[in-house]
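Chain by chain, the residues:
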Amino acid sequence: MVMGLINANPVIHEKKERRVRQAPETTDENALEPIDQLEIFDILLYDFPNMDVDPEHPYSLEQLNVVTEDSVELNDESNHVRVTFTPTVEHCSMATVIGLCIRVKLIRSLPPRYKVRYQCRA
């Protein structure tokens, strides 16, 4: 039995122009560096190139609007990160895998003080 694509015709979005991250103001190696929303987004889509592409299509998760910079919420003071992702179809069979990949990437990349959560918006 040949399986078809779950989403044969995905909507492709233009990549947004990237804003530039500011270099840290302090040069103290022992000081805590603040982490911003853009850094979390970069971790998700650019620091791990093998996981930023949809398994069915040669487009990035950013182009498919699965993960956007605006979908990353960060509270650096309380050490909480939440990423809301939107599968390309409501019945996406990969939604659980995408969520777990997001969680594992961030847990492995961020300092252990951060509480990482993800949410699927269907």
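Refer to the structure presented above.
Model, not experiment: these values are computed from the prediction.

Asks: Help me understand the side chain of E62 in this model?
Replies: Position of E62 relative to the elements: it lies in the loop between helix 1 (37-45) and strand 1 (72-75). If near-sequence neighbours (up to four positions away) are discounted, E62 is found in contact with K15, K16, F41, L45, Y46 and V67.

Asks: What should I look at first to understand the pairing of strand 1 in this one?
Replies: For a regular strand, the rule is simple: side chains alternate between the two faces of the sheet. As defined by bridge partners, strand 1 adjoins strand 2 (residues 80-85) across 4 bridges and the pair is classed as antiparallel. Each residue of the ladder has a partner; that of N75, found in strand 2, is H80. Hairpin connection of strand 1 to strand 2: 4 residues between the antiparallel strands, including N79 at a positive phi of 60°.

Asks: Explain the packing of aromatic side chains to me, please; I cannot follow it from the model alone.
Replies: Any aromatic ring pair is given by two values, namely how distant the centres are and how the planes are angled relative to each other. Summed over all chains, the structure comprises 1 aromatic pair. For the ring pair F85 and Y118, a centre distance of 6.3 Å and an interplane angle of 35° mean the geometry is tilted. Separated by 33 residues along the polypeptide, F85 in strand 2 and Y118 in strand 3 (residues 115-120) bring together distant segments of the chain. With relative accessibility at 1%, the residue F85 sits in the buried group. Y118 sits in the partly exposed class, given a relative accessible area of 32%.

Asks: In this structure, what is going on with the sheet that holds strand 3? I would like to understand it.
Replies: The strands that make up a sheet pair up through hydrogen bonds in the backbone, lying either parallel or antiparallel. With respect to topology, 3 strands assemble into an open sheet ordered 1-2-3, the strand pairing being mixed. If you trace the sheet from one side to the other, it starts and ends with strand 1 and strand 3, each paired once. Here the average twist between neighbouring strands, direction ignored, is 15°. In the sheet, strand 2 pairs with strand 3 via 6 bridges, with the strands oriented parallel. Within strand 3, the position partnered with T84 by the bridge is Q119. Along the sheet face, helix 1 touches strand 1 and strand 2 and points at about 130° away from the line of strand 1.

Asks: Just checking my understanding: could you explain the pattern of salt bridges for this structure?
Replies: Opposite charge on two side chains allows them to pair when their charged atoms are near. Considering all chains together, one arrives at 2 salt bridges under this definition. Measuring nitrogen to oxygen at the nearest pair gives 3.0 Å for the salt bridge that ties E73 to R82. The shortest N-O distance in the salt bridge between R113 and D76 comes to 3.9 Å. Of this pair, R113 sits in the loop between helix 2 (95-109) and strand 3 while D76 sits in the loop between strand 1 and strand 2, placing them 37 residues apart in sequence. Its relative accessible area of 30% is what places R113 among the partly exposed residues. Under the relative-accessibility criterion, D76 is labelled partly exposed at 26%.

Rules used throughout
Residues numbered from 1 in each chain as written. Predicted model: local features only at pLDDT ≥ 70, side-chain atom pairs only at ≥ 80, totals over all residues. Heavy atoms only, no water. Helix = DSSP H or I, 4+ residues; strand = E, 2+ residues; numbered from the N terminus. Contact = heavy atoms within 4.5 Å. Pairing = 2+ DSSP bridges. Phe/Tyr/Trp six-rings, centres within 6.5 Å; stacked < 30°, edge-to-face > 60°. Buried < 20%, exposed > 50% of the residue type's maximum accessible area, 1.4 Å probe, protein only. Axes fitted to C-alpha atoms, helices over the stretch in contact; angles between N-to-C directions. Salt bridge = Lys/Arg side-chain N within 4 Å of Asp/Glu carboxyl O.

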